[in-house]
Amino acid sequence: MSRSRVRTLFAALLCFVAGPLLAQSGTIRGKISDSAGVVLPNATVVVEGTGLRASSNSRGLYELRGVRAGSFTLRVRLIGFTSQSMRVTLEAGGTVEQDFTMPRPVVQLAAIDVLIGSRARHTAAEELAVPVDIFTSEEMSQQGSTETSQILQSLSPSVNFPRQSVTDGNDIVRPFTLRGLSPDHTLVLLNGWRRHQTALVNNFTYGMGAGSSGVDLNAIPSGAIDRIEVLRDGASAQYGSDAIAGVVNLVTKEGRFTPFVNTEAGEYVTGDYDHDGAMVDINGGWGIGLGRGSLGIFGEFQHRDPTNRAWADPFETAGTGVADSINDQGQVVHKNNPVAQPNHHWGDGLERDVMTLANFRMPLNATSTSEVYAFGAYSSRTGTGNAYRRYDTSARNWQELYPLGFLPEFRPDVTDYSATGGFRMLTGGWSLDFGGTFGHNDFEYNMRNTNNASLGPCLDVPCAPGPDGILGNGDDPGIPNQLSFFSGRVSREEMIGAVNAAKPLRLGLPNPVNFAVGAAFRRESYQIEQGEVASWINGGHLDQDSADVAPAGSSGFPGFAPTDESNSHRNNVGAYIDLETDLNAQWLANVAARYEHYSDFGSAVTGKLAMRFQPTSRLTIRGAASTGFRAPGLSQSHFSKITTNVIAGQFEEIGIFPVDHPAALLLGSKPLKEEKSVNLSAGFAFTPVDNLTITADLFYIKINDRIMLSATFDDDTTLAILTGGGFTGVTGVQYFTNGLDTKTQGLDLTADLRIPSTSGRTLEFIGSVNYTSNTISRIDPLPAVLANSAEPGIIDSVTYIGITEERPDWRATLTSRFESGRFHAMARGAYYGKFSSAQPGFCDLCRDNYGSKTLFDTELGYRFNLIAVSLGVRNLFDTY
């Protein structure tokens, strides 16, 4: 499906007037070098108040064309160097030559200097011993999306952000993955601080194993992000638990800058379906000067209408008892019943987001050797998702309530907020950073267009027995049915206090050793709150055919019952040491070790060794070996829920229980332990000619005792065991298990070719390829209590395929960008290789296979003095 969009940038909003649009323009150009006279490529030069910017080429040269006449402040910035500003005056039609000399700062104090993969100071990713991708805000703005996770997928083939539909809460909070592993195998940082995970447990998500929780990147306003850093290497020894697949660091904009507003609007225009998915996004920010410091304020509002790619349902007979005639394309040929088609939903749901972020920095002295800093974010999201349709004759329906059947709808409210603050200083040669952060995420399950069939067909008065089993008994008259419910809430909080210190030390080696050491205390909490009584109670009413007791709970998502409630906490302390030095002019070495202790499962020690060899200025060879770990998530230890699943085409009430739940213990559950990993990587970065850089990296990740949800145990032997233990309200059970080992291996390739010209035109090609293979190397046998059952194994085919095949094996992107004065153009091809899926569960032990596809995006734009207008199309050829 294709989406057309229009994006408008209003830079210097408060200064907008019509006159400057007509003014004659000129050119500003110059050279950027460091204090030793070495030229600096890839520095960013901004004309404040205009939105104009440029980057220096391999010779350190930059050029800004189309600058209107007047006086401006030029600002130049580059990772690892102190930002510089200069006031220039440009006459109409004239040219100004302005060179910059950028000194290295005495101490790392600025949040903008965060560069993951090393705790030493570096000016570019190519200087590191591990692969790091850096995606700037300019690149982000040309991806045709305002969702941070989707932008990241477009930029990095190592990232997968699958669309979710009929996946409960994951229709609204969608996780991303790195290198084909689970969402909780990627550590996410915000300005170098650990970002809290969501409260939602991923039960039915496409493209990953069930039972994980990740970080919601889409809770951060995209306009606040200056760049995204992606470390494609294991880093538990450097950053702690979860950093098995790698690390994603979001770096926010900082300092003083002119107010800006971005607006974007678009919708899907596709040949086989009605136009839908209309979207509007408005985001902006303002960097306010406060004495020596600054306060950046950012906000974003996004509204996205639903999309639906479902076909007409050939089994729908409500109203007349006769099904519609449907052709091979899923279209209604002859209408035989009154139910509107499509009668179910397959696509994006409604989403409405409000996001804010603030970033504060205040140097405490003129030399900027100490400062206080703080940043925080708040977001609120309302969205929708759907379950599968309940037909009019279903045991989950009452025709008195829904004569034609119904489609249950999730409409949750999601709240996310965080605050971070600290103090940095330089004393005695030490760079010290003391600080703390707090994060909260909660997910409120609200169900609409549904009912609790066990409460009968009565809305205003009870027609089912109350909790004592007697209808209309004194103070217990029973509970009437409802069409909407509050089904409960899950919430998660993390609080961290940390101190980090770094100093170059002379340890008898040829060069100083960057010595970094730090410690952190983290407290986590996870809570499940029960839903309203009508959302979970079993009213005991027979179904509408009087064949059996009707299913209990709000249909689509039965509410959390009192027995599901949980309020758990744990503490974690960790300490690390990190050393890095240039052994000589060609060799760099980095070694790190970390100790962590969790109050609920014990201790772990991890280590890492990374080396970089640079035989020439154009070739860098790198490699790393590390061990990693991931502690069981609190949600994995304490999540409890009875949910409705579709297995072999039938609705079943499945209990998802923690390992210490009596039902799980009956079926052989064991206490969870940490996952342990071994990461190996090797690669190179090569610049055969100026303006062309090629990188290649091989990787191997072995994870032992991987945690995920077990298979659904639901055969006759299992049910007999459960019934014997007093559990009759479920038709199957899943619990969390360390039941398998996996291997992940693959290849990353990138190439960047920049073709500058003296006429101000620039053409750039950026290509990247990822191949990832996930295999399962060990699976635990069935527990002894199920050894004689018909259960197929500790994991089922859905989980097996979800881990090994439910992502494209090959991913590739090729992007070309062209700039000439005020005009820019972008074209991108994105290749997705073959994959398979066992979802949705309409059959048992089956899969759907999907072939490779290539999608194309385009964008054209023109920049006026204060306004930039772009028109783009995503998925130009309407490829599915």
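Sequence positions are assigned chain by chain, starting from 1 and proceeding in written order. It should be noted that, the model being predicted, local features are given only for residues of pLDDT at least 70 and side-chain atom pairs only at 80 or more, the latter also being counted only at that level, while totals for whole chains, interfaces and linings use all residues. No hydrogens and no water enter the side-chain calculation; it runs on all heavy atoms of the structure.

**Some details on the overall build of the protein**
Inclusion rule: The numbering of helices and of strands both runs from the N terminus, where a helix is a DSSP run of H or I of at least 4 residues and a strand a run of E of at least 2. C-alpha atoms define the radius of gyration, and 2.2 Å times the number of residues to the power 0.38 defines the globule rule. In this scheme, a residue with accessible area under 20% of its type's maximum is buried, one over 50% is exposed, and one in between is partly exposed, where area comes from a 1.4 Å probe on protein chains only. Where accessible areas are quoted, they stem from the Shrake-Rupley method and a 1.4 Å probe; at the residue level, only the protein chains shown are allowed to cover.
The number of helices and strands found in the protein is eight helices and 45 strands. Here the C-alpha atoms of the protein give a radius of gyration of 29 Å, agreeing with the 29 Å that 2.2 N^0.38 yields for 880 residues. In terms of overall dimensions, the protein has a C-alpha envelope of 85 × 65 × 50 Å along the principal axes. A buried classification covers 57% of the 880 residues belonging to the protein. A total of about 33,200 Å² of accessible surface is found on the protein, and carbon and sulfur atoms cover 58% of it.

**Points about the sheet that holds strand 16 (residues 246–252)**
Across a sheet, strands are paired by hydrogen bonds formed along the backbone, either parallel or antiparallel in direction. So the rule is basically this: Two strands qualify as a pair provided DSSP detects at least 2 bridges between them. Contacts were defined at the residue level, with two residues in contact if any of their heavy atoms lie within 4.5 Å. Only the stretch in contact is used when fitting a helix axis, every axis being a line fitted to C-alpha atoms; angles between N-to-C directions are given from 0 to 180 degrees.
In space, the five strands of this open sheet follow the order 10-15-16-13-14, with mixed pairing throughout. Because the sheet does not close on itself, it has two edges, and the strands there are strand 10 (132–136) and strand 14 (193–194). Taken together, the five bridges between strand 13 (residues 186–190) and strand 16 define a ladder with parallel strand orientation. Among the inter-strand pairings, valine 188 is bridged to a residue of strand 16, identified as valine 248. Here helix 2 (residues 148–155) sits on the sheet in contact with strand 10, strand 15 (225–231) and strand 16, set at roughly 55 degrees to strand 15.

**Focus: the pattern of salt bridges**
Opposite charge on two side chains permits pairing when their charged atoms draw close. We apply this condition: When a carboxyl oxygen of Asp or Glu is within 4 Å of a side-chain nitrogen of Lys or Arg, the pair counts as a salt bridge.
This structure, assessed with the given rule, holds 52 salt bridges. Arginine 424 is the partner of aspartate 433 in a salt bridge, and the nearest nitrogen-oxygen pair spans 3.3 Å. Aspartate 705 is paired through a salt bridge with lysine 673; the nearest N and O atoms lie 3.8 Å apart. Note that aspartate 705 is positioned in strand 37 (residues 692–709) and lysine 673 in the loop between helix 6 (662–666) and strand 36 (675–686), a separation of 32 residues in sequence. Judged by its relative accessible area of 18%, aspartate 705 falls in the buried class. Through salt bridges with shared partners, a single ionic network connects Glu147, Arg163, Arg174, Asp216, Arg304, Asp348, Glu351, Asp353 and Arg381.

**A short note on the environment of isoleucine 537**
Relative to the helices and strands, isoleucine 537 is located in the loop between helix 4 (533–536) and strand 30 (566–582). Overall, the relative accessible area of 8% leaves isoleucine 537 in the buried class. Distance from isoleucine 537 to serine 212, taken between C-alpha atoms, is 28 Å for residues 325 residues apart in sequence.

**Describing the side chain of asparagine 679**
Cut-off, in case you're wondering: In the analysis that follows, any N or O atom pair within 3.5 Å is treated as a polar contact, provided that within protein one partner can donate a hydrogen and the other can accept it, and provided that, for residues neighboring in sequence, both atoms belong to side chains.
Mapped onto the elements of the fold, asparagine 679 is located in strand 36. In terms of polar contacts, asparagine 679 uses its side chain to reach the backbone carbonyl oxygen of isoleucine 244, at 2.8 Å. Within the structure, the side chain of asparagine 679 is placed 3.3 Å from the side chain of serine 677, a separation counted as a polar contact.

**Some remarks on helix 2**
Most of helix 2 sits inside the fold, with eight of its eight residues counted as buried. Three or more residues of helix 2 are buried, namely Thr148, Ser149, Gln150, Ile151, Leu152, Gln153, Ser154 and Leu155.

**Remarks on unusual backbone geometry**
Omega for the peptide link from glutamine 341 to proline 342 comes to -5 degrees, which places this bond in the cis form. Backbone geometry places valine 166, a non-glycine residue, at a positive phi of 55 degrees. For valine 166, the location among the structural elements is in the loop between strand 11 (159–160) and strand 12 (177–178). At serine 546, a position not held by glycine, the phi torsion is positive, near 55 degrees. Among the secondary structure elements, serine 546 is positioned in the loop between helix 4 and strand 30.

**Quick notes on the pairing of strand 13**
Most of strand 13 is tucked away, with five of its five residues classed as buried. Strand direction decides the pairing type here: strand 13 and strand 14, joined by two bridges, are antiparallel. Among the inter-strand pairings, leucine 190 is bridged to a residue of strand 14, identified as tryptophan 193. Following strand 13, the chain reverses through two residues before pairing antiparallel with strand 14; asparagine 191 in that reversal takes a positive phi of roughly 55 degrees.

**Focus on the sheet that holds strand 6 (residues 70–77)**
Reading across from one edge, 4-3-6-7 is the order of the four strands in this open sheet, with antiparallel pairing throughout. On the outer flanks of this sheet lie strand 4 (52–55) and strand 7 (84–90), each paired with one strand and no other. Across this sheet, the average inter-strand angle for adjacent strands is 20 degrees, counted without regard to direction. Where strand 3 (residues 44–47) lies against strand 6, four bridges are found, and the strand directions are antiparallel.

**A short note on the packing of aromatic side chains**
Using the following cut-off: Put simply, two rings from Phe, Tyr or Trp (the six-membered ring, in Trp's case) pair if the centres are within 6.5 Å, and we call them stacked under 30 degrees between planes, edge-to-face over 60, tilted for the rest. Placement of a positive charge over a ring is assigned whenever Lys NZ or Arg CZ falls within 6 Å of the ring centre and within 35 degrees of the normal to the ring plane.
The full count for this structure, using the stated rule, is 24 aromatic pairs. An aromatic cluster is defined as three or more aromatic residues linked by ring pairs; in this entry it consists of Phe410, Phe443, Tyr445, Phe557, Phe560 and Phe639. Above the ring of phenylalanine 699, the side-chain terminus of arginine 179 is found at 3.7 Å from the ring centroid. A cation over a ring is seen here: lysine 641 above phenylalanine 557, with NZ or CZ 4.2 Å from the ring centre.

**A look at the environment of tyrosine 417**
Note on placement: tyrosine 417 falls in strand 26 (residues 413–427). Taking the C-alpha atoms as reference, tyrosine 417 lies 5.4 Å from histidine 440; in sequence the two are 23 residues apart. Ignoring sequence-local partners within four residues, the contact set of tyrosine 417 consists of His196, Ala377, Tyr378, Phe438, Gly439 and His440.

**Some thoughts on a nonpolar patch on the surface**
The condition is simple: Here a patch means residues that are over 30% exposed by relative accessible area and free of salt bridges, tied together within 9 Å if like-charged and within 5 Å if nonpolar (Val, Leu, Ile, Met, Phe, Trp, Tyr).
Residues Phe823, Leu860, Tyr862, Phe864 and Val869 make up a contiguous nonpolar surface patch of roughly 430 Å² in combined accessible area. Note on placement: valine 869 falls in strand 45 (residues 867–874). Overall, valine 869 belongs to the partly exposed group, its relative accessible area being 34%.

**Some words on the side chain of histidine 345**
Counting through the fold element by element, histidine 345 comes out in the loop between strand 21 (332–334) and strand 22 (351–363). Among the polar contacts made by the side chain of histidine 345, one reaches the main-chain carbonyl oxygen of threonine 307 at a distance of 2.7 Å. Among the polar contacts listed, one links the side chain of histidine 345 to the backbone oxygen of aspartate 348, at a separation of 3.1 Å. Setting aside residues up to four positions removed in sequence, histidine 345 forms contacts with Ser165, Val166, Pro306, Thr307, Asn308, Ala310, Asn386 and Leu407.

**Section: the confidence of the model for the protein**
Low-confidence regions, as indicated by low pLDDT, have predicted coordinates that should not be scrutinised in detail. We apply this condition: Note on scores: pLDDT gives the predictor's confidence for each residue, bounded by 0 and 100.
Residues at a pLDDT of 70 or more form 91% of the protein, whose mean pLDDT is 87. Of the regions scoring below 50 in pLDDT, residues 7–23 engages in 50 contacts with residues more than four places distant in sequence or in other chains. Here residues 106–114 is modelled with pLDDT under 50, and outside its nearest four sequence neighbours on either side it reaches 37 contacts, counting other chains as well.

**Overview of the environment of cysteine 458**
The residue cysteine 458 is located in the loop between strand 27 (430–448) and strand 28 (485–505) in this model. As a C-alpha pair, cysteine 458 and glycine 540 span 82 residues in sequence and 14 Å in three-dimensional space. The contacts of cysteine 458, once residues within four sequence positions are left out, are Cys463, Pro480 and Asn481.

**A closer look at the nonpolar core**
Quick reminder of the rule: Nonpolar core, defined: a set of buried Ala, Val, Leu, Ile, Met, Phe, Trp, Tyr and Cys residues in which side-chain atoms within 4.5 Å join the residues together.
Of all hydrophobic cores here, the largest spans 35 residues; its most connected members are Leu152 and Ile228. When contributions to this core are tallied by element, the ones reaching two or more residues are helix 2, strand 13, strand 15, strand 16, strand 17 (257–268), strand 23 (370–383), strand 28 and strand 37. Val201, Phe557, Ile656 and Phe736 belong to the second largest nonpolar core, which has 24 residues in total.

**Considering the pairing of strand 26**
If a strand is regular, its side chains alternate between the two faces of the sheet. Bridge analysis of strand 23 against strand 26 gives 13 bridges, and the strand direction is antiparallel. Across the sheet, residue glutamate 371 finds its bridge partner in strand 26, namely arginine 424. Sheet topology places strand 26 next to strand 27; 15 bridges connect them, and they run antiparallel. Counted as the bridge partner of glycine 421 is glycine 436 from strand 27. Linking strand 26 to strand 27, which pair antiparallel, is a turn of two residues; within it glycine 428 sits at a positive phi near 60 degrees.

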